[in-house]
Amino acid sequence: MTSTITDSPAGMQAFERTTSRWGRLTMLAGLIISLAGPLYVALFMDVGVTVAHIVTAYTAVAATFLVFAVVEPVTYFPILGQAAMYQAFMIGNISNKLLPAAICAQSRIDAKPGSKQGDLAAVMGICGAAIVHLTSLLVFVGIFGTWLLSAIPESVTEVARMYILPAIVGAVLVQAIASVNQLRPTLISLAAAVVVVFAVIPAVPALTHFGTALGVVATVLVSWFARKRAC
Amino acid sequence: MSSTPAAAAASGASTDIAAVANSPILWIFALGVFAVIFVQTAIYMKAARTAGTSVGLDNRDLTRALRSGAISSVGPSLAVVIVAIALLALFGTPAVLVRIGLIGSVSTEVASATIASGALGADLGGPDYTQTVYAVAFIAMSLSGGAWMLATLLLTPIMKRGGNKLAEVNPAAMALIPGAALLGAFSTLTVAELPKSGLGAITVAVSTFVMAGLLFAAKKLNAGWLKEWALGISIIVALTFAYFAHTATVA
C-alpha cells in the first residue's frame with residue numbers, strides 16, 4: 001500500500017461529493033434536532049422561560065465561547081479534511097477521542113495524514129469511534145446511567161475527569177510523530193508548544209483558550225519557512 | 001428578568017429538575033440525534049469502501065482502519081461515560097446524552113451551563129437551580145454548541161476551496177500543512193497538560209513512554225494488530241497509574 005499524494009481519481013471525487021452532500025445534510029439535521037429539544041421545553045412545558053432569560057443567558061455564554069466556534073473548525077480543518085469535518089463537529093469530543101481514533105487508523109495502515117489514503121483511513125477510524133461511542137453512551141448512560149451513578153466510586157469519577165486528557169495526549173503525540181515521520185516539523189512543533197504554553201500564555205493570559213490554535217499556526221508557518229527546499 | 005426565580009408559585013419555580021429533564025419528548029429528540037449520527041456513519045462507511053479501490057486501499061485495509069478507530073476509542077468513550085453519569089442529576093439523561101456525550105464536551109458544556117445559570121443569578125445545582133434555570137441553561141448550551149456546527153457548515157466549503165486552490169498553486173504547501181498542523185495541535189495539547197499538576201505531568205510521561213514502547217515493539221515484531229491496541233493500552237496503563245498515584249497521595 002502506498003501513501004503518495006496523487007491527482008484525485010474519479011473514485012475519490014465521488015467520495016468527496018457524497019460526503020459533502022450527506023455530511024452537510026446530516027449535520028444540519030443534527031443541528032435542528034439538537035435545538036428542538038430545549039426549544040420544546042421552553043415553549044411548551046410551562047417552565048416560565050422568557051425571551052429575556054434566553055437572551056441574557058446566551059449573550060453571557062456567547063461572550064465566552066462564540067469565538068471558539070469559529071476558531072476550532074479553522075484549526076482542525078487541515079487535519080481532518082472536508083469529509084471528516086461534518087463527522088467531527090457533530091459527534092464532538094474531537095481532541096480527546098476522534099482525532100486519536102483517526103491517527104490510530106492512519107498509523108495502522110501506514111497512511112500519511114493529508115493524503116487520499118489518510119483521508120479515507122481517518123473517516124473509517126472516526127466511523128469506528130462513532131459506533132463505539134454511541135453504543136457505550138446508549139447502554140451505560142442511557143440505560144444503566146442512574147444505576148451506575150450509585151455504583152461507581154467517587155474516586156474513579158474524579159480520576160477519570162482529572163487525568164483522562166493527560167493519559168490520551170502523550171500517547172497520541174507519539175503516534176502523530178511516528179505517522180508524520182518528519183524530523184523538522186516535529187522539533188518545530190515541540191518548540192512552538194513550549195513557547196506558547198510557557199511564554200506566550202503566561203504573558204498574555206487572555207490567550208489561554210487559544211493555545212492550540214496558536215500552536216498550529218506557529219508550527220505550520222515556521223515549518224513552511226524552514227522547510228528543506230529543492231533548490 | 002426576575003432576580004428571584006423562586007418567587008411563590010410561579011411556573012418553573014420547582015427544583016424538581018428530573019420532572020422536566022427526563023420527559024419522553026426530550027428522549028425522542030436525543031435518540032433522533034443518535035439516529036442522525038448512525039445514518040451519517042453508515043453513508044460515510046459505504047462511500048469510503050466505494051472509493052477505497054481507486055486509491056489502492058482494499059476492504060481489508062479499510063476494515064483495519066475502522067477497527068483501529070473503534071478499539072482506540074473504547075478508553076476515551078468510557079471516560080466520557082463516567083463523567084457524563086456524574087452530571088445526570090444536573091441535566092437529566094437526554095440532555096447529558098446530547099450535550100456531554102455527543103455534540104459538545106464536558107468542560108465546554110458545564111462551563112456554558114454555569115455561565116447561563118449565573119446570568120440568571122442562580123448557582124448550577126444550588127438551591128435556586130429551578131426548572132426555569134435548567135431550561136434556560138439547556139437552551140444556552142444548545143445554542144452555543146449549535147454555533148460550532150453552523151460555523152463548520154459555513155466555513156468547511158470555503159476552506160475546501162481555499163485548500164484546492166493552494167494545492168494547485170503550491171502543491172508543496174499542501175504536502176506539508178496537514179502533518180505540521182497535526183503535530184502543532186498535539187504538541188500544544190500535550191505541553192499544556194504539563195504545568196497543570198505534577199501527577200498530570202507524570203501521567204503524560206507514562207502515556208508517552210508506553211506508546212513509544214508499543215510502537216517500537218509493533219515495528220520490531222511486525223505486529224500490525226499491536227498498533228490497533230496501542231492507544232487503548234497506553235490510556236489504560238496511564239489512567240491506572242494515575243488512579244493509584246492519586247488515591248495514594250490524597251488518602
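Here the structure is a predicted model, which means the values were calculated and not measured. (Residues numbered from 1 in each chain as written. Chains lettered and ligands numbered in written order. Predicted model: local features only at pLDDT ≥ 70, side-chain atom pairs only at ≥ 80, totals over all residues. Heavy atoms only, no water.)

Focus on the overall build of chain B
What counts here: Counting from the N terminus, the helices are DSSP H or I runs at least four residues long and the strands are E runs at least two residues long. The globule rule is 2.2 Å times the number of residues to the power 0.38, and the radius of gyration it is compared with is taken over C-alpha atoms. Note on classification: 1.4 Å probe, protein chains only; a residue is buried when its accessible area is under 20% of the maximum for its type, exposed when over 50%, partly exposed between these limits. Using the Shrake-Rupley algorithm and a 1.4 Å probe, accessible areas are obtained, with residue cover drawn only from the displayed protein chains. Think of it this way: Lys and Arg go in the positive column, Asp and Glu in the negative one, and His and the chain ends go nowhere. Charged side chains are reduced to one point each, which is NZ for Lys, CZ for Arg, CG for Asp and CD for Glu.
A count of helical and extended segments in chain B gives eleven helices and zero strands. Counted from the first residue to the last, chain B has its helices and strands arranged as α-α-α-α-α-α-α-α-α-α-α. For chain B, whose C-alpha radius of gyration is 23 Å, the value lies well above the compact-globule estimate of 18 Å for 251 residues. The burial tally for chain B puts 56% of its 251 residues in the buried class. Carbon and sulfur atoms form 70% of the exposed surface of chain B, whose accessible area is close to 9,900 Å². Charge centroids of chain B, computed over 13 positive and 9 negative side chains, lie 17 Å from each other.

Overview of the confidence of the model for chain B
Filter applied, for reference: Confidence of the predictor at the level of single residues is captured by pLDDT, which takes values from 0 to 100. Two residues qualify as a contact provided that any one of their heavy atoms is within 4.5 Å of a heavy atom in the partner residue.
Scored by pLDDT, chain B has a mean of 84; 94% of the residues are at 70 or more. A low-confidence stretch, residues 1-9 of chain B stays under pLDDT 50, and its non-local contacts, those more than four residues away or across chains, total eight contacts.

Quick word on a nonpolar patch on the surface
To be explicit about the condition: Patches in this entry comprise residues that are over 30% relatively accessible and not in a salt bridge; like charges within 9 Å are linked, as are nonpolar side chains (Val, Leu, Ile, Met, Phe, Trp, Tyr) within 5 Å. Any Lys or Arg side-chain nitrogen found within 4 Å of a carboxyl oxygen on Asp or Glu counts as a salt bridge.
On the surface, Phe140, Ile143, Phe144 and Trp147 of chain A together with Val74 and Leu78 of chain B cluster together into a nonpolar patch covering about 590 Å² of accessible area. The set of elements that each furnish at least two residues to the nonpolar patch consists of α4 (116-143) of chain A together with α4 (74-86) of chain B.

Describing the packing of helix α3 (residues 94-108) of chain A against helix α3 (residues 59-72) of chain B
As a reminder, the rule being used: Between N-to-C directions, angles cover 0 to 180 degrees, with each direction set by a line fitted to C-alpha atoms, over the stretch in contact for helices. The scheme is simple: roughly parallel for angles under 35 degrees, roughly antiparallel for over 145, roughly perpendicular for 65 to 115, oblique for anything else. Crossing handedness is read from the near helix: turned anticlockwise from the far helix by less than a right angle, it gives a left-handed crossing, and turned clockwise, a right-handed one. Ten residues, namely Ala, Val, Leu, Ile, Met, Phe, Trp, Tyr, Cys and Pro, are considered nonpolar, four, namely Asp, Glu, Lys and Arg, are considered charged, and the remaining ones, Gly among them, are considered polar.
At a minimum axis distance of 8 Å, the contact between α3 of chain A and α3 of chain B shows a crossing angle of 140 degrees. When the axes of α3 of chain A and α3 of chain B are compared, the pair comes out oblique. Judged by the twist between their axes, the crossing of α3 of chain A over α3 of chain B is right-handed. On α3 of chain B, the residues that touch Pro100, Ala101, Cys104, Ala105 and Arg108 of chain A of α3 of chain A are Arg64, Ala65, Ser68, Gly69 and Ser72 of chain B. Grouping the amino acids of the contact of α3 of chain A with α3 of chain B by side-chain chemistry returns five nonpolar, three polar and two charged.

Focus on helix α8 (residues 131-169) of chain B
Residues separated by three or four positions in an α-helix point in the same direction, a consequence of the helix having 3.6 residues per turn. The criterion, for reference: Multiply 1.5 Å by the residue count of a helix minus one, and that product is the helix's expected span. Bend is the name given here to the angle between axes fitted to two runs of seven residues, the run ending at a residue and the run starting at it.
The end-to-end C-alpha separation of α8 of chain B is 56 Å, in line with the 57 Å expected for 39 residues at 1.5 Å each. Approximately 35 degrees is the largest bend angle found in α8 of chain B, and it occurs at Leu155 of chain B, with the proline Pro157 of chain B only one to four residues beyond.

Comments concerning the UniProt feature "transmembrane region" (unreviewed entry) in chain B
Convention followed: UniProt positions are given in the numbering used here, feature names are shortened, and annotations may be inferred rather than shown by experiment.
In this numbering, the UniProt entry assigns the feature "transmembrane region" (unreviewed entry) to residues 25-45, 66-91, 133-159, 171-192, 198-217 and 229-246 of chain B. Between the end C-alpha atoms of residues 171-192 of chain B there is a gap of 32 Å, over a span that is 100% helix and 0% strand.

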